[in-house]
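Spelled out from the first residue to the last, the chains are:
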Amino acid sequence: MAADTTVNKTFAAFYQEFCVQLKININKDVLEILDKTFKSGSVCLSRTFTLDLPGNGGRRAQRLEDEDVLVLSKCLQNDGRVTGLDVSYNNISDGGAKHLADALQLSSSALKFLDLKFNNIQADGAEFLANSLKSNSSLLSLSLSGNRFGDRGGVSMSRMLQVNSTLQMLQLSDCNLADRSVAALGAALNRNTALQALDISRPLLFSRQEEWAVHFSQMLTVNCSLLELHLGRMGLTDSGMETLAEGLTRNRSLRYLDLRCNRVTRDGAHHLAEVLKQSKTLEIIDLSSNRIEDEGAVHLSEAMATHGCSLKDAGSLCVCQTVCLQELHQDGGPAVFGSGRETQPESHTHLRLGKPLG
């Protein structure tokens, strides 16, 4: 049933119809949100919508299950005006991921933004989604943070990145990624030319050799599309920072680098300072909750004063503890995950050294 031939039928009507067909109980809270989203009189072929159905908003007493996602996926296939879907913080497992993957594989898929963070998706579900994105050409942003699918799921995502040419933002923090999948993700970006933002913060890395830093350093040397990279809670040491700095020095695209909550000290700050003296693109660096001490701060401030350094805001060392990501983005900085907004150039930048904001 094509979307353009059913424009006069509301999404809520589709929802009720498919619930009856599939013998699934109608979730009254979901139905209420659908009615509010598609208000009477707002039906328009040119207008697009985002369905906000997070399970942590306090608006619904019942979190979404896999059967609810089955109905929603059927509805998505019949209404191309829905380009965004937020079903984060629900009880969606591999079955629900499979339903969404089936919808994404259709040539008629119109979804551009999909937020699945903090559900119960395991390795099979991650693989379903990854396989669907090998042929999908509509999705721009995918958030899977907080789903503990581990190494196998991470490797599936890396294989997807080797062939996908449209996905721009991928969030995989707190997914129990291990050494193999982190290395595979870095290697995949040697070839990928579409992804602009990646978050792999808080993996479960067991090797003390920091091999992942080698892979990401090599990737940064050749990758020309990545603008935003989140490497928080990676266990990054001064040695790993030195390795990463080699790639950062040669990189010509990265604007935002998140190194929060690592083990970087004054020596690592020195390596990063050398990068800043040569980088023409880095605009925002987050070093909060590291131990760079006064000497490390001196290295960085001296680098900021270097002619040609893209970190031009000398006062940012003072205001760093009060600047938040949202404010940076409103100032024209790189897009924050989930914002659905493109990265814009910025004439001045910020270096954050303080503790993360609560």
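Asks: Even after reading the chapter, I still don't get the nonpolar core, so can you show me in this structure?
Replies: A general trend in soluble globular proteins is that nonpolar side chains are found buried together. If you look at the biggest cluster of nonpolar residues, it comprises 87 residues, and the most contacted ones within it are L129, M157, F216, L231, L257 and L272. If near-sequence neighbours (up to four positions away) are discounted, L257 is found in contact with L229, L231, L248, L272, L282, I284, I285 and D286.

Asks: Whenever I open this one, helix 4 (residues 94-105) confuses me. Can you help?
Replies: Residue pairs spaced three or four apart in an α-helix point in one direction, given the helix's 3.6 residues per turn. With 12 residues, helix 4 should reach 16 Å at 1.5 Å per residue; the first-to-last C-alpha distance of 16 Å fits that figure. Listed in full, the buried residues belonging to helix 4 are D94, G96, A97, L100, A101, A103 and L104. Lining the buried residues of helix 4 we find helix 3 (66-76), strand 2 (82-86), strand 3 (113-115) and helix 5 (123-133).

Asks: Even after reading the chapter, I still don't get the layout of surface pockets, so can you show me in this structure?
Replies: The probe, sized like a water molecule, is rolled over the atoms to show the empty space still left. Approximately 230 Å³ is the volume attributed to the second largest pocket. Lining the second largest pocket are D179, P203, L205, S207, R208, E210, W212, R233, M234, G235, T237 and R263. Looking at the lining of the second largest pocket residue by residue, the classes come out as four nonpolar, three polar and five charged.

Asks: Sorry, what's going on with the packing of helix 4 against helix 5 here?
Replies: Two elements in contact, helix 4 and helix 5, have axes separated by 8 Å at closest approach and are oriented at 5 degrees. The orientation of helix 4 relative to helix 5 falls into the category roughly parallel. Contacts from D94, A97, K98, L100, A101, L104 and Q105 in helix 4 reach D124, G125, F128, L129, N131, S132 and L133 in helix 5. Here the contact of helix 4 with helix 5 is built from residues that sort into seven nonpolar, four polar and three charged.

Asks: How do you make sense of the side chain of S279 when you look at a structure like this?
Replies: Here S279 shows up in the loop between helix 10 (266-278) and strand 9 (284-286). Assessed through its relative accessible area of 2%, S279 is described here as buried. A polar side-chain atom of S279 sits 3.1 Å from the main-chain amide nitrogen of L282.

Asks: How should the side chain of T83 be read in this particular structure?
Replies: By secondary structure assignment, the location of T83 is in strand 2. According to the relative accessible area criterion, T83 is buried, its value standing at 11%. Excluding residues that lie within four positions of it along the chain, T83 makes contacts with T48, F49, A110, L111, K112 and F113.

Asks: Looking at this structure, how should I read unusual backbone geometry?
Replies: Excluding glycine, a negative phi dihedral is what most residues carry, and trans is how most peptide bonds are arranged. One non-glycine residue, C261, lies in the positive phi region at around 55 degrees. By the secondary structure assignment, C261 is in the loop between strand 8 (256-258) and helix 10. Of note in the backbone geometry, E293 takes a positive phi value of approximately 60 degrees without being a glycine. Tracing the backbone through its elements, the reader meets E293 in helix 11 (residues 293-304).

Procedures and definitions
- Residues numbered from 1 in each chain as written.
- Predicted model: local features only at pLDDT ≥ 70, side-chain atom pairs only at ≥ 80, totals over all residues.
- Heavy atoms only, no water.
- Core = buried A, V, L, I, M, F, W, Y, C linked by side-chain atoms within 4.5 Å.
- Buried < 20%, exposed > 50% of the residue type's maximum accessible area, 1.4 Å probe, protein only.
- Contact = heavy atoms within 4.5 Å.
- Helix = DSSP H or I, 4+ residues; strand = E, 2+ residues; numbered from the N terminus.
- Expected span 1.5 Å × (residues − 1).
- 1 Å grid on protein atoms, 1.4 Å probe; cavity = no way out; pocket = protein on both sides within 12 Å on 5 of 7 lines; lining within 4 Å.
- Points joined across faces, edges and corners; volume = space filled by probe spheres on them.
- Nonpolar A, V, L, I, M, F, W, Y, C, P; charged D, E, K, R; others polar.
- Axes fitted to C-alpha atoms, helices over the stretch in contact; angles between N-to-C directions.
- Parallel < 35°, antiparallel > 145°, perpendicular 65-115°, else oblique.
- Polar contact = N/O pair within 3.5 Å; in protein donor to acceptor, adjacent residues only side chain to side chain.

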